[in-house]
Structures are given as C-alpha cells and as structure tokens.
Amino acid sequence: MGFFNKAYHPPGTAPGTLTERPVEAPRPPRIRLTEYAPDVFLEQDIATPADCKPYLESPSITWIHVQGDVSADTLRNLGELFELHSLALEDVLNSGQRPKLDVYGEQYFIAVNLPEFGNGGIAVQQISLFFGRDYLISFSNAVTDPFEPVRQRLRNSGGKFRQRGVDYLLYTLLDLVIDAGFPMFERFGETLEDLEAELLGKPDRSTLNRIHQLKRELLLLRRSLWPQREVVNALLRIEQPFMTDETRMYLRDCYDHSVQIMDLLETYRDMATGMLDVYLSSISNRTNEIMRVLTLIATIFIPLTFIVGVYGMNFSHDTSPWAMPELHWYYGYPLIWLVMILITAGLLYYFRRNKWF
Amino acid sequence: MGFFNKAYHPPGTAPGTLTERPVEAPRPPRIRLTEYAPDVFLEQDIATPADCKPYLESPSITWIHVQGDVSADTLRNLGELFELHSLALEDVLNSGQRPKLDVYGEQYFIAVNLPEFGNGGIAVQQISLFFGRDYLISFSNAVTDPFEPVRQRLRNSGGKFRQRGVDYLLYTLLDLVIDAGFPMFERFGETLEDLEAELLGKPDRSTLNRIHQLKRELLLLRRSLWPQREVVNALLRIEQPFMTDETRMYLRDCYDHSVQIMDLLETYRDMATGMLDVYLSSISNRTNEIMRVLTLIATIFIPLTFIVGVYGMNFSHDTSPWAMPELHWYYGYPLIWLVMILITAGLLYYFRRNKWF
Amino acid sequence: MGFFNKAYHPPGTAPGTLTERPVEAPRPPRIRLTEYAPDVFLEQDIATPADCKPYLESPSITWIHVQGDVSADTLRNLGELFELHSLALEDVLNSGQRPKLDVYGEQYFIAVNLPEFGNGGIAVQQISLFFGRDYLISFSNAVTDPFEPVRQRLRNSGGKFRQRGVDYLLYTLLDLVIDAGFPMFERFGETLEDLEAELLGKPDRSTLNRIHQLKRELLLLRRSLWPQREVVNALLRIEQPFMTDETRMYLRDCYDHSVQIMDLLETYRDMATGMLDVYLSSISNRTNEIMRVLTLIATIFIPLTFIVGVYGMNFSHDTSPWAMPELHWYYGYPLIWLVMILITAGLLYYFRRNKWF
Amino acid sequence: MGFFNKAYHPPGTAPGTLTERPVEAPRPPRIRLTEYAPDVFLEQDIATPADCKPYLESPSITWIHVQGDVSADTLRNLGELFELHSLALEDVLNSGQRPKLDVYGEQYFIAVNLPEFGNGGIAVQQISLFFGRDYLISFSNAVTDPFEPVRQRLRNSGGKFRQRGVDYLLYTLLDLVIDAGFPMFERFGETLEDLEAELLGKPDRSTLNRIHQLKRELLLLRRSLWPQREVVNALLRIEQPFMTDETRMYLRDCYDHSVQIMDLLETYRDMATGMLDVYLSSISNRTNEIMRVLTLIATIFIPLTFIVGVYGMNFSHDTSPWAMPELHWYYGYPLIWLVMILITAGLLYYFRRNKWF
Amino acid sequence: MGFFNKAYHPPGTAPGTLTERPVEAPRPPRIRLTEYAPDVFLEQDIATPADCKPYLESPSITWIHVQGDVSADTLRNLGELFELHSLALEDVLNSGQRPKLDVYGEQYFIAVNLPEFGNGGIAVQQISLFFGRDYLISFSNAVTDPFEPVRQRLRNSGGKFRQRGVDYLLYTLLDLVIDAGFPMFERFGETLEDLEAELLGKPDRSTLNRIHQLKRELLLLRRSLWPQREVVNALLRIEQPFMTDETRMYLRDCYDHSVQIMDLLETYRDMATGMLDVYLSSISNRTNEIMRVLTLIATIFIPLTFIVGVYGMNFSHDTSPWAMPELHWYYGYPLIWLVMILITAGLLYYFRRNKWF
C-alpha cells in the first residue's frame, strides 16, 4: 500500500476529463446486470451499457455492477445513459478518492474504500456507487467481485430482500464494504498480541520493523477509512422518497460499525506507539546489562594486571636495595596473591552492595 | 482482555441474523422475572420467555433479567413477545458492542460495558438492556449476576423504590454498571502509587512491564467506557411520558460519575506515560553511572600499566648505556612509584574537579 | 495528593445514602451563622441546624458555614430544614467531587476545589455550597476556615457589602476559592525557575525526581481545577431574580481568573515536559563526554602498552639473530620511545582534527 | 523555503501603504489582457492598466493577469481603475499572506499559495486574485506564468469555456493552484518510500538529515496550504448572481481536493515522525551490537592477559620455594595454556547461553 | 520573562481594590492629552486627570495616554472622571492580565500584550485601553512610549486620520500592538535557521540550551498572545454607533495578522520540538561513532597484547622442553609477528565487511 495512491490529471486539465490509467495487466471489465422486483429476478452479463436500456423504463430495480478496469468509453456511455455528472465519472477513473458522498440533483455518487489483504500486505480498493430512484451502478476493481454474496442473497431471499427499494440495496453494499474491516482488524489484533509477547520476551531488530510496518498500515488505513463514517452520516440525512425510515435504522447500525472500526484503529495505533517506547526502553536496558558485565570484568582485572606488571619490571636487587625488595621476600609471591585476592573481594563486595550484579 | 473483542458475522450476512458464538463452557441462562408495583412484588425463575406472558398485560413493571449465555432461540422468542428489532437482538449475541442507545419507535436498546476484575486481569462484560413503557429486559453474561443488589433493594425498600417507574429501574441498573468503575480505578490508583515508589527507588525490567501492562489496560478500558457518557447523555434527552424529571436528576448524577471515571482514566494514562519517560531517564542515568566507574578505573590504571610495561622491556644496560638507564639508578624503583602516585593523584584531582565521582 | 481521592459508596447502594467516611482524626464541625442585611449584622455559633430556624423567615441573608467534618445527622437536619436534595447531600459527604453546578428547582448546589499547601505537598479540599433566594450554606473541611476574610469584610464593610444580595456573597466565596490558585502557581513558577537553573547547570537524579513530582502535581490539580471554569460559566447563565447584572460582571472577572489559572497550568505542564527532554539530552551528553575521555585514554595507551609488551618477550638473541635484534641496537631504547611519542602525537592530531577533545 | 516569509511594514505604518519590496533581480511585470464572451476572444499584452479601459464597459469577461514583480504605481493605477481597496492592494505587495478571502462590497480578494519545486527545495508563491461581476485580476510572481494552460483552454475550447461566467474562470484558476499540490505530494511520497527503504537497510546520519528536511518542508507547507481549504469553503457560501450552482459543484470538487492534500500532508507528517523514532531505535540497536563485540573481546582477553602477566613477574625460585613454583613444573607451560583454554571456553559458553552473540 | 507574571491581591481582598505594586525604579507617569477633530488638533502634557475636564464636553475625540508607572490616585481620579469600573481599574494595576475585552455598558476595556525585546530576552508589556463614544484612555508601562508613531501620523495626516472616529484610533493602536509581533518573529525565524545550521553541523551543549530557551520563550509568548485573536474578534462583533463598517474592515485585517502570528508561533514550536529530536539523535550518533573507534582499537590490540604477554612469561626451557619452545625456534620471533599481522588483517577485514569503519 503506497503512500500516494491518488490518480490525478496534470493541473490545468479541464474538469471531467476521462483518461484511463495505464495498468500493467488490465482486467477487462465484466458488466453484470441484476434486475429485481418483488416478483421479478433477472441476472445477466451485458456487453455494453446500451444493452440495459430495455430494463430502465420498468419500475423494477436495476443494479449494474462493473467489475474490473472499466474503459473510458464504457464510462462515457453509462454517463450518457444515466445522465451521470462528468466530475463523478472522472472520480471513478481517478481512483484513490477520499470517501465521499456527492449530490447531483436527485442522483448520488458515493466513493468508499474496501480494505483487502493482498500479497505483500494490505490494499484498499475504491468502490464507486451511483444511485437514483430505481437504479444503482457500482464499480469495483478488486481482484474478485466483492458483491457476489449480495447477489446470492437476492437470488435466495425468496422475495424478502426484493420487496425493498434501492435504499436497502445500497445499505447492503455499504455494510459489506464497512464490515470488511472486522476480519482485517481481528488479524491486526492478533499481530499486536504476537508483538507484545515478543516484546516481553527477547525483542530484536525484526520486532522493531514489524511494529513500524503495523503503524504504517494503520496510518494509511486511517486516511482511507476515517471519512467513511461521514459518508454514512451524510446518507442518513438524505431526504428522498426512496430513502425509508426502516433503511435509516439499518444505516445507523452501519454507522455504528464504522465508528467501532475507527475506535479499534485508534486504540491499535496508541498500542503500537506504546510498544515502540517499550522496545526502546528494553534496548537501553540491554545495553545497560552488557555494560555492567564489561565494567565488572574490567574493574576487577585492570588493577590486578597492573600489579603483576609491577613485578615484571626489570629493576634488579643487584643494583640497589630499593629496587623491588618484595621479589626477595621469602613469602613475597603468596603475599602478592593475597593482596590481589583481597582487592578482588573488596571490589566484588562493593559491586554487590551497589546491586551491580 | 484482548485487543479485539467484537463478535461479528462474515461481511455480507443478512442483518439481524442470530448466530450463537461457540463458547468453551457455556453457562445455561437463568431467566429471572421480577414484577412490581407499589403494592405488588413478585420474583420468579421462568423456563421460557413465554412464561412471562400473563404478567405483560398488568400495569405493574415487568423486569426480565437473563443471566448467562442466552441461546438464539430464547432471544428469538423474547423478540417476538416484545417486538424487539432484529438488529438489536443481533447486538445482544454479537457482544463486544460499543456502548450505545438505539431508538426503535417507543422501544429503546442500550448496550453498556461492565468492567470486572477477573483472573488474569481486567475484563469488560456487555450488559444489554431493552426497555419500554412498563418493561425492562436485561442480559448479562458476567460470572455472577451483577444486579442482585438491585433486586435486594426492591425486596426491602418497602414501596419507595416500587412506587417509581421503569425509568428509575433503568437508572439504578445503569448507575450500578457505571459505578463499578470506582473500585477498579481505586485499585489502579494504588498500582500507580506502587509503581511510582518503585520508580523512585530501584526500577527494573519488571517495572517497565507493569507500566506497559497498566497503559494497555487503560487503553482498552477507554475504548469500552468512553462512549458510556454519551449513552447517559442521550438518555437525558429522551422525551417520553415514562421518563420523569426526577429520574433525569438522578441520571445527571450518573452522567457526572461517568465523566469522573473518564477524568481518572485520562489522568492515569498521562501519569503512566510520564512514568515511562522517568523510567527511560533513570536507565540512562544508571548506564551513565556505570560508565563513570569504568572510565575512572580504566583512565587511572591504563597509563600506570603502560609505565610498568616499559620497565619490563628486555633492553639491557649491557648492550648500550642508552638502554633503560633508570633500571640502574639507585632510587629508580621508588622514583617510578612516585611518578605513578603523582599521575594517579593528578587524575583524581582532575576527575574530582569535573565532578565525575 | 493521592491519585484516587473520590469517596464513593459500593455500587448498587441507593442514591442519596449518607454515610460518614471514617477519618483518622475527625474535627468536630463548627457551625457559624451569619445573618446580614443593609442594617442588620449578626454572627453566632450554633449547635444544631435547628437553631437557625428563627432567622429563616426574615428577609435578611442567612449564611451558614459548616467548618470541619460534618456528621450525617447534621447534614440530614440541614437537608430537611432547607429542603436540600439527597443527591447533593451525598456529594457533600462523598468528597472528591468533580467541580459542578447542579440545579434543583430554585436551589443550586456547587462543588468546587480549594487548593492548599499542606505538609507533604499540595492537597485540594472540596468546598460545597448550597444557595437559594436569601440563604447560602457552605461546607469546608480544610484545616482552617478559608472564609474568615469574607466574614471580616462583612463585619467591617459598613453596609456596602451588606447591601448586596446572596449572589454577591456567592461570588465572594467563589472568587476566594479560585484566587487561591494564584499564590500556588506563583510558587510553582519559582520551582520551575529553580529546576531550569539546575538543568542548565549540573542536573542529577534528584532533578529528575523533582520534575516528575511537579508534573504529577500539575496533572492532579488539572483534574481538580479544570472543570471549575465551567461551573462559573454555568453560574453566569442562571436566570433568577436574585442574580443581578452587577454580580454577573464580577463573576465574569472570576471566570477570567479561572481561565488564567488553567493557562498557567498548561504552560507549566508543557514547560515541565520540555525540561524532561532537556534532562534526557543532557544525560546523553554527559555519557558522551565520559565515553570520549575513556576512548581517548584507551586509544592512546593500548597501542603503547602493546609495544612495550613486545620488548618484554623473552626471545633471546642467543638463540637466533632473528630474535628481537632491536634489543641489541645501540639506540634501540631511545628509538622505541621516539616511535611511541610519534604514535601518541599522531593520534592526538587525529583526535583534535575530529574535535574529540 | 524560509521560516519567516511574510513581507510587512514597520508597526505603526498607515494601513494601505504600498511599498515595493527590494528584490535582487526584479522581473518586470508582463500584463496580459484576456477578453472573452461566447463569441468574443481577444488576447493582448498591455503596457499600463489604463490600456484596458475600453474593454471594461463591454459585457464580456475581462481577465487581467500580471506576471512578475508588479510596481507600486501599476498597482495604484489598477486600484483606481477597478476601485480596489487599499488594504487588499497592500496584501498583493506584502506577499507571504495567509490564504484568505476578503469581501469588499461586491468585490472579492483572494490570496492563495502555489507550491513550486525550485532549486534548493520547495517554495510557495502567493497568487492574488481580485474579482467582481465581469472581471478578474490575477497577480503571480512565480518564475513562469502558471496560468498559461488556462489561457490555452480558453483559446481552444470553442466556446464551451467562454460561455461560462467569471465564477468558472475563478474556479479554473483556483483548481490549478490547489491541484499543483498533487505532483508535489506524489514526489514527497516517493521520498518517504526511499527513506523507509534506507531505514530498514543501513540508516546513517544523512538519513536523519533527510527526514528532518522532509518534516521541515511539510511543516512550512502546512502553514501555507492549510487555510486554503477555508478559502474554498468561504467561496462556496458567497451569495452573488454571478456565482452559479453549476460552478459551486465544481468548487466542491476543488474543496475535496484541498482536503485530500491536507490528509496526505498529515499522514506524511505522522509517517516522518514515526521514522524518526525508528531511526533512533536503530541507532540504539547498533550501539548495542558494537558494545556486545567489545564486551566479548574484553571479557575473554582481560583475564587471560592477567594470567600471562602473573608468570611474567620476576619472582625467583632461587629466593624462596614459594616464589612461582609453577614455572618449574615439568608441564607448567602446557598446563597454563589448558587453564586459559578452559576459561575461554567457559566464558564463550556463558555468553552463548545468554544469547550475546 | 518569568513563568509567573501576574500581579494579584491576596485571595479574599475586596474586588476593585487599587494597590500599587512596589517597583524597583518607578518611572513617574507622563500623561499626554491629544484632542482632535477634522479641524482641531491639540497636544498637551497634563499634570492631573482633572486638567482634561474642559475638553470632555467638546465633540472632538479625546485621547489620554498614560506612559509609565501610574499611581493608584491618578487611576482613581481618572476612574471618577470617566466613570470607569473599579474591576477594570484593578486590572490596569494588576498587570500580567490575559488579553481580554470587557464590556461595561457603553464603555469598553481592553487589555493586550505588547511583546518587546529587552535586555536578557523577550518581555511582554500590558497595554490597557478604555474607550467610549468620543474618548480613549491608554496605559503603557513599556520603556519607551510605543504610540509615538500614531501621534506622529495624527500630527501629519492633514485631516485624513482626524476625520475618522474613536474606532479608527482604537484600530490604529491595536494594529501597532499586534504588528509588533512581526519583527520579533522574523528574529525568531533567523534564530531557528541558525540553530538548524548548527544542528546539521556540529551541535553541542549550547545548541541544546538555545533550543530550550527558544521553546520556553515561544511557550510564554503563546500564553500572552494567543487570546489577542479573540479580543479582536470580540471587537468585530460590537454593535455601537461609533463602530463603523469601514473600521471593521480594518479590524478584520488586524485579526488576520494576529492569526498569522499564531500560525508562525505554532510552526516555530513544532520546528523547535523537531530540532530537539534531531539533537538527541545526533548525540546518539556521535556516541556510536566514538564507541566504534574504541571497539576497533580495543578489539585489535587486546589479543595482540595477550600474545606478547605470553612470550613474556618466565617459563624456562632449562626446566622442561615443554616450556615455551617457540622462544628457541630460529624463526620464532618473525613467526610471532606474522601471526600478529595475520590476526590484525583478519579483524580489519571482518570489521570492514560489517561496515564498522
């Protein structure tokens, strides 16, 4: 997940310009049409937006889902068919948007971010949604179609889901996108618990890198997910005949979930920061311990080495009686050892009293 | 207390799905019915929710308390009996909710967190409450029934408590849940005082771990308790005939307590952070002290060892008069000692002047 | 000043329960009645609250001050006499309240905190005030009666003070409590200046402990004093005939003072935090300095000691002409010294160039 | 980009005083007049403001762009011609303004900041805009004219752009200024990724300097760009006939972009702060590693050196049988080696067990 | 600039008490009367407030400026003459006020802070202003009269300034006080740039002290200047006939300046904090570097010294053929050197590979 993930036009470009971003391995878009009403259910893959024209007049709900890298042409055709605003169409292509809800008359545009575990870490995929009285158009370029479970429920629900309006469909999709945060944060929680265990045991350089990695991912996720709360909140305030009180209740639940995910994110960030402090402290602690051993050894042996050095000097008793008479004492050698043992014992006592080992 | 403690359904599940969480040792729920009015008082254990039907019609207040791991069936039955919203029922099972107050018409749902000291630290238990005009349903899966003191007061109050409405019962339960924070924070305060004493004495690695542990618990409690303030505040703004001004006065007191607990929590967190800084400083201080001893010893003995090394060289006066003539001076050996004593004294004076020991 | 200073009842106790806290050396309360009007002034010690009954009917202002550890009975009697709410009475006994203003109909309850220098540091004492149209009841368990100066002014003011209503009395008491912060913060300021001088000089372990102590006291004071601002602000918004515009002007001044004290507190906290950073830096600095000396000495003498060690080896020219021929050179010994002096000079030059000393 | 970049008059100067700032290499201003309407398009360089008088009466839109260091005289002339307020004119000369929107009756003044990559890092250039019903005057002293792309679009747009009012022109210019942040933050993002790679590899002193440099630039950019959001927001609330709803939609997009840039800025700052922590930890880690090697070598060799020192003492067996009898044992020398090898092995085992290498 | 700079009365003093603060070298106040109208201009030094009585009745604007340490008597006289509120008069004497605007009916009191460079650093001087319909009274005890430039402009303006009301005079004085921040922050900016250059070069202990000093000054200035913004904002909302829209435009400019100064202050504080981190990192870096040299030298020479120690032992071949046979090899000595050179080369290669030097 890169630091900068916003596609943009060179400053000065006319607003609403549609330019496809060059991608390495473009996935051709699959356009799925789902048409439903209490007694109608139809699922179909269509080739061009124009193919869905016949269904637009009917009172049933039309859901068009575009999965993959949508081309500028397809987008332009959809735009003409549903009278979508060019600024919103630009935002579909220029992915990496900040989550938002834009109002264009009776039409709404929502951009939200779906977090995904991919290879090499976490990624967020922009999900774009247009909706009006009886239609919803969704765009996703996640690897797999994230909305398959919803289609499944529509197929199986035996009317319960199909009796509701476009507002409930919208809620279902949003709920799915927001709840995708739960398994992700569950995994983050496990990572944090692992890191904590490591920290209380023997932390090393890789612990530091993993804490940093976690903080980085939480920081980037925060930028992507934080405004989602506001999007749901703005939805709750939409005054439209197709936005029922029943659905508002569901959206409030969805809002609670987005708040809860932000609570988790903030707690985890605080936790990771605290861990960094503990890591730093424990390194200092270890340097301390090593220093203590070194100082102990050096402090004991350096004076002893000096003493044995003294008696290695070549002053000779032959020259002067002042020259190292100890060498000629009968108990000179044992005496020197005694002195050295006393010094060692004294130092050890001093260290022990100061709690140095 | 884990980092992630929210039970959730896989994203895409239909809202309101009731799935029991597998628990290791499920405690069968005990359903206690308490029915009271100024002149009525009845306490009874019931087997299924249906058993409380006869009491619902009466004007007296019905309090059903479910203690233990409630099954999805019981919940579904209760839901049908009291027309509880499926989203709220889901929140009872999916414990780990953020404290909240949900409004479903004239029915209210409250989720709050009861902090408990358990084995292995602190835990929070979700308490779920439904209430309407003349009934209150509470769910708790704490180890022991937390509301026994309330039932005790109802039994003994001789009418005073029983004269009041469901709003007063609700206040009593909430007050108990929120005040449960006081003994907990009193204990935290003692821990902090212990840690402080340790810090000013001889802090070690375990001090660091205990500070970290404390910060972690405060962080997790914060996530669980912080929104409780808002729940009480939202209650204060409910406009319902059964919510009296007298009870509002009591709820305001309850609100004050929740604010006070948050004040304590924030002060303790700041305190713990400050302690970490002091800990870090005191480790640096100790490294410093050890370094000072090492440097002192090394700086004094290294030059002396060099000097005695010089006179241990095997240059011989026999070869040349230039070769270590000192060895042949009459006072050579005492002179060398004098030189060494002077060097030591000079260094000690220098160190003392620089306040190194 | 402890971390946890809130007296509380076990969770589940009935609200309004009055329980005296066991204190080590209870000071029997002294109840002082002051009755005044423009032309009336009466001061009297009363034994029981009932003694003040005769004065209640008169239009003059009745001020009852209870100094010391008030008993539950006295409190209950006062409560009955003035119809004080039981929740507020509970708050008088359960001291350690968050500063607050509670409204009970036409009666008001205020809890504020008076900071005091005691032995062993700073303490805060709760001051509780009840007031209505023409009476004010105050409770204090500070060591000495803090309101004596006010009574003094009432005695001496010659009518000026006595012409004003209960609102002005309330202002006078609040102002005294809030302004008690000024001498305290002046002393804190001096402590900070001392610490700063120490920090720029030779900081040691005790400097760290004093900074920590200061931060701790500021943190606890913050919890006690911060909400006082809101209390004064809430007072300003009271709409009652006995609250005059003139007094509001005075209360605004009082509000300014409480803001100023919080400004001081926040500045001091930032300052203390900054000092901790400087302390940490200066320890690192000193470790550095000591290391530099050690490295200097070691780097110079270790090679020299090696050289003199070489010529202490017992290889003998007698065995082989390859064995240490230098020992047999005529200028061997002076040459070795020359080599050692050159090495020392080179190292010193190298260190000087790198600015190591 | 300096810390202080605000041109100002000495305190006490009359407001609206126009003083040219002395610049090292003043670029003479180029005044470009662009006049357009659906069927009119005219581009012209003019020498003095008076030259544009003939175009002012026409209903077409007049855009005057002054590129370069504008003189006080030109400014004064423009001011008289368009009745510009002297305070706003002063703000054009005293560049380094905080982005703002000032309202002078039906005339508006906007100051915004254009970020530029220059030699030696990032710079911001103030762009000043005056606009009214049918005119817009812009000032820029960036190195190259930033608005050339807009003029290009006006030339080529074949009427689409020209059909819109002065509000759309204003949006186009503002959008260009704000979107100039995107390429800049893309580059910052790359720098951050480089720094991160360095940090996980072998960070050195220059890494620290680069992180510091980045933080510094982000901090200064924040001051320059943060208030831009508010400027666009204030524009959205202007109630004037020439401010159409269509343009408001575009300005909302522009507002989204400015929010997104601030999100990026804040995320990058948090990231850079996190990197500093990791850098500090990794230095501590490295000190640790080096200490470990030193301690290892010293701890093994210091005792051995002491032992060989012992047998270098000149105690002689001739004097006393107590004097170093080991020297006369048949296997004395190999025994000493054995002892030394055992000591080394013991220490290595001890270190290995403590995971020191 | 001290931490505590608020003059205050002992808690319990009657509000509005006027007590002169004892100053070391009191400067006798100079009272300057300036009377002006479009066609009137009069400047005069007066001895006592009563001397200005004749001018009060006239419709022209009366500006009384008191420069120096005003006595309680003068203040009391002025208070009686202009009916100034005693609380405001107290605030003039008890300098060190938080900037504020107090409303006393149709009279206003403003306290603002003028930052000054004095000897020994920065100081702030309280400027107190009273104003009403046609008079303004200002108090300053700065060293020199800060308002001389304004009087200069009044003298020279030829009517332009004199045509305006008291509101414009007030703006002029406030603008001067607020703009006094610009030269100060320009100097701070230069200090920061110096510090930054030092930091990237060779930072030492004095760099730390200077950063600390700067942070301290910014912290204290923040307390003094931050509320000034609110004062100007409150002025903008005054609804009085003598407050014209034209002047409001000027005050808005003044407000912008105070916001800009706070922006600078906050940026500088963040910058200084960042510098402290870099300083800490660079000390750690340097400790590291020194450690590396020490370790290098020690690691190479300690083993070599051990080896030469071995051959200094007095084991004799005469006693046993096992005793140091190397001493008797023909190429023993060169062989030892070869071994030592190989060890050195090996260690150097090892260090180089680990990038230790």
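Throughout this description, residue numbers start from 1 for each chain and increase along the sequence as written. Numbering of ligands from 1 and lettering of chains from A proceed in the order in which they are written. pLDDT decides what is reported in this predicted model: residues at 70 or higher carry local features, side-chain atom pairs at 80 or more are listed and counted, and totals for whole chains, interfaces and linings draw on all residues regardless.

1. So, the overall build of chain A
Helix and strand assignments come from DSSP, with helices taken as H or I runs of at least 4 residues and strands as E runs of at least 2, each series counted from the N terminus. For chain A, the count of helices and strands is ten helices and seven strands. Each radius of gyration reported is based on C-alpha atoms, and the globular scaling rule is 2.2 Å times the count of residues to the power 0.38. The C-alpha radius of gyration computed for chain A amounts to 36 Å, which surpasses the reference 21 Å derived for 357 residues by more than 25%, pointing to a less compact arrangement than a globule. Taken along the three principal axes of its C-alpha coordinates, chain A extends 125 × 45 × 30 Å. Using C-beta atoms placed from the backbone, we call a residue buried if 20 or more other C-beta atoms fall within 10 Å of its own, exposed if 12 or fewer do, and partly exposed for counts in between. A total of 357 residues make up chain A; the buried ones form 41% of that total. Note that contacts rest on C-beta atoms placed from the backbone: two residues are in contact if these are within 7 Å. Contacts in chain A between residues far apart in sequence, at least 24 positions, make up 68% of those at least 6 positions apart.

2. Points about the relation of the copies chain A and chain D
Rotating chain A by 72° and translating it 0.2 Å along the rotation axis places it on chain D, where the RMSD comes to 0.2 Å. The relationship between the two copies is best expressed as a five-fold rotation axis. The C-alpha atom lying nearest the rotation axis in chain A is that of A:Gly312; the distance is 4.7 Å. A share of only 16% of interface residues in chain A that are also interface residues in chain D marks the association as one of differing surfaces. Superposition of the copies was done by least squares, using only C-alpha atoms of residues whose pLDDT is at least 70 in both.

3. Brief notes about the packing of helix H5 (residues 166–179) of chain A against helix H9 (residues 245–310) of chain A
All names here are of chain A. Each axis is a line fitted through C-alpha atoms, taken for helices only over the stretch in contact, and angles between the N-to-C directions span 0 to 180 degrees. Look at H5 against H9: their axes get within 10 Å of each other, and the N-to-C directions meet at 15°. As judged from the angle between their axes, H5 and H9 are roughly parallel. Read as a crossing pair, H5 and H9 show a hand that is left-handed. For the pair H5 and H9, the contacting residues are Asp167, Tyr168, Tyr171, Leu174, Asp175, Ile178 and Asp179 in the first and Thr247, Tyr250, Leu251, Cys254, His257, Ser258 and Ile261 in the second. An angle below 35 degrees is read as roughly parallel, one above 145 as roughly antiparallel, one from 65 to 115 as roughly perpendicular, and any other as oblique. Left-handed describes a crossing whose near helix is turned anticlockwise from the far helix by less than a right angle; the clockwise case is right-handed.

4. Structural notes on the environment of B:Ser60
Residues and elements named next belong to chain B. Inspection of the secondary structure assignment puts Ser60 in the loop between helix H1 (53–56) and strand S3 (61–67). Classification of Ser60 by C-beta neighbours within 10 Å gives partly exposed; the count is 17. Note: C-alpha distance between Ser60 and Phe188 (128 residues apart in sequence) is 42 Å. Every residue in contact with Ser60, bar those within four places of it in the chain, is listed here: Glu35, Tyr36, Ala37 and Val40.

5. Examining the sheet that holds strand S5 (residues 107–118) of chain A
The strands making up a sheet are joined through hydrogen bonds of the backbone, oriented either antiparallel or parallel. Residue and element names in this part refer to chain A. Taken in spatial order, the seven strands make up an open sheet running S2-S1-S3-S7-S6-S5-S4, and their pairing is mixed. A strand with exactly one partner marks an edge of an open sheet, and here the two such strands are strand S2 (40–46) and strand S4 (100–104). Adjacent strand axes in the sheet meet at a mean angle of 15° when their direction is disregarded. Two strands qualify as a pair provided that DSSP identifies no fewer than 2 bridges between them. Of the pairings in the sheet, the one linking strand S1 (residues 30–37) to strand S3 (residues 61–67) comprises seven bridges and is antiparallel in character. The partner of Leu33 across the bridge, within S3, is Ile64. Sheet strands in contact with helix H3 (residues 86–93) are S4, S5, strand S6 (121–131) and strand S7 (135–140), and its direction is about 155° off that of S6.

6. Regarding the interface of chain A and chain D
Taken together, the contact pairs 49 residues of chain A with 58 residues of chain D. Elements that contribute at least two residues to the side of chain A that touches chain D include exactly helix H7 (205–225), H9 and helix H10 (332–353) of chain A. Ranked by residues supplied to the side of chain A that touches chain D, first place goes to H9(A) with 18 residues. Under the scheme applied, nonpolar residues are Ala, Val, Leu, Ile, Met, Phe, Trp, Tyr, Cys and Pro; charged residues are Asp, Glu, Lys and Arg; polar residues are all the others, including Gly. A per-class count over the side of chain A that touches chain D returns 29 nonpolar, eleven polar and nine charged.

7. Quick look at the pairing of strand S6 (residues 121–131) of chain E
Residues and elements named next belong to chain E. Pairing of strand S5 (residues 107–118) with S6, which is carried by eleven bridges, proceeds in the antiparallel orientation. Residue pairing for S6: Val112 is matched across the bridge by Ile127. In this antiparallel pair of consecutive strands, S5 and S6, the connection spans two residues, and Gly120 shows a positive phi of 80°. The sheet contact formed by S6 and strand S7 (residues 135–140) spans five bridges and is antiparallel. Looking at S7, one finds that Phe131 is bridged to Leu136. Here S6 folds back onto S7 in antiparallel fashion, the turn holding three residues.

8. Some thoughts on the environment of E:Ile31
Residue and element names in this part refer to chain E. Along the chain, Ile31 falls in strand S1 (residues 30–37). For the pair Ile31 and Ala47, spaced 16 residues apart in the sequence, the C-alpha separation amounts to 6.8 Å. Once residues within four sequence positions are removed from consideration, Ile31 is found in contact with Asp45, Ile46, Ile64 and Val66.

9. Side note on the packing of helix H6 (residues 181–200) of chain D against helix H7 (residues 205–225) of chain D
Residue and element names in this part refer to chain D. One way to put it is that H6 packs onto H7 with a least axis distance of 11 Å and a crossing angle of 155°. It follows that H6 is roughly antiparallel to H7 by the angle criterion. Seen from above, H6 lies across H7 with left-handed handedness. Contacts between H6 and H7 involve Gly181, Thr191, Leu195, Glu198 and Leu199 from the former and Thr207, Arg210, Ile211, Leu214 and Leu225 from the latter. The residue makeup of the contact of H6 with H7, split by class, is five nonpolar, three polar and two charged.

10. A word on the pairing of strand S3 (residues 61–67) of chain C
All names here are of chain C. With seven of seven residues buried, S3 lies mostly within the body of the structure. What you see with S3 is no split at all: Ile61, Trp63, His65 and Gln67 on one side and Thr62, Ile64 and Val66 on the other are buried throughout. Sheet topology places S3 next to strand S7 (residues 135–140); six bridges connect them, and they run parallel. Bridge pairing in S7 places Ile64 opposite Ile137.

11. Structural notes on the domain arrangement of chain A
Domain annotation of chain A identifies domain 1 (30–282) and domain 2 (289–353). Taken over C-alpha atoms, the centre of domain 1 of chain A sits 77 Å from the centre of domain 2 of chain A. Here the limits of each domain have been adopted from an automatic or database domain assignment.

12. Things to note about the sheet that holds strand S7 (residues 135–140) of chain D
Residue and element names in this part refer to chain D. The strand order across the open sheet formed by seven strands is S2-S1-S3-S7-S6-S5-S4, and the pairing between neighbours is mixed. Either end of the sheet is taken by a strand with one partner, and the two such strands are strand S2 (40–46) and strand S4 (100–104). The average angle at which neighbouring strand axes cross in this sheet is 15°, direction not considered. Across the face of the sheet, helix H3 (residues 86–93) comes into contact with S4, strand S5 (107–118), strand S6 (121–131) and S7 while running at roughly 155° to S6.

13. Things to note about the confidence of the model for chain A
The predictor rates its confidence in each residue with pLDDT, a number between 0 and 100. Across chain A, pLDDT averages 90, with 99% of residues at or above 70. The ipTM for the predicted assembly is 0.88, set against a pTM of 0.90.

14. Considerations on the environment of E:Met275
Residue and element names in this part refer to chain E. Residue position: Met275 is located in helix H9 (residues 245–310). In the structure, Met275 is positioned 74 residues away from Tyr349 in sequence and 37 Å away in space, judged by C-alpha atoms. In contact with Met275, not counting residues within four places along its chain, are Leu195, Glu196, Leu199 and Ile211.

15. Some points on H10(A)
All names here are of chain A. Helix length check: H10 (22 residues) gives 32 Å between terminal C-alpha atoms against 32 Å at 1.5 Å per residue, within 8%. Along H10, the residues that are buried comprise Gly332, Tyr333 and Ile336. The arc that holds every buried residue of H10, seen down its axis, measures 110°, which confines them to one face. More than 90 degrees from the buried face of H10, the exposed residues found are Leu338, Ile341, Leu342, Ala345, Gly346, Tyr349, Arg352 and Arg353. Looking at the buried positions of H10, the neighbouring elements they touch are H9. Two residues or fewer after H10 comes Lys355, characterised by a positive phi angle close to 60°. In this analysis, the expected span of each helix is defined as 1.5 Å times one less than the number of residues it contains. By definition, the arc is the one covered by directions from the helix axis to the C-beta atoms.

16. Let's talk about unusual backbone geometry
Residue and element names in this part refer to chain A. Unlike most non-glycine residues, Glu83 shows phi in positive territory, near 55°. Note that Glu83 resides in the loop between helix H2 (72–82) and H3. For Glu83, a count of 10 C-beta atoms within 10 Å corresponds to the exposed category.

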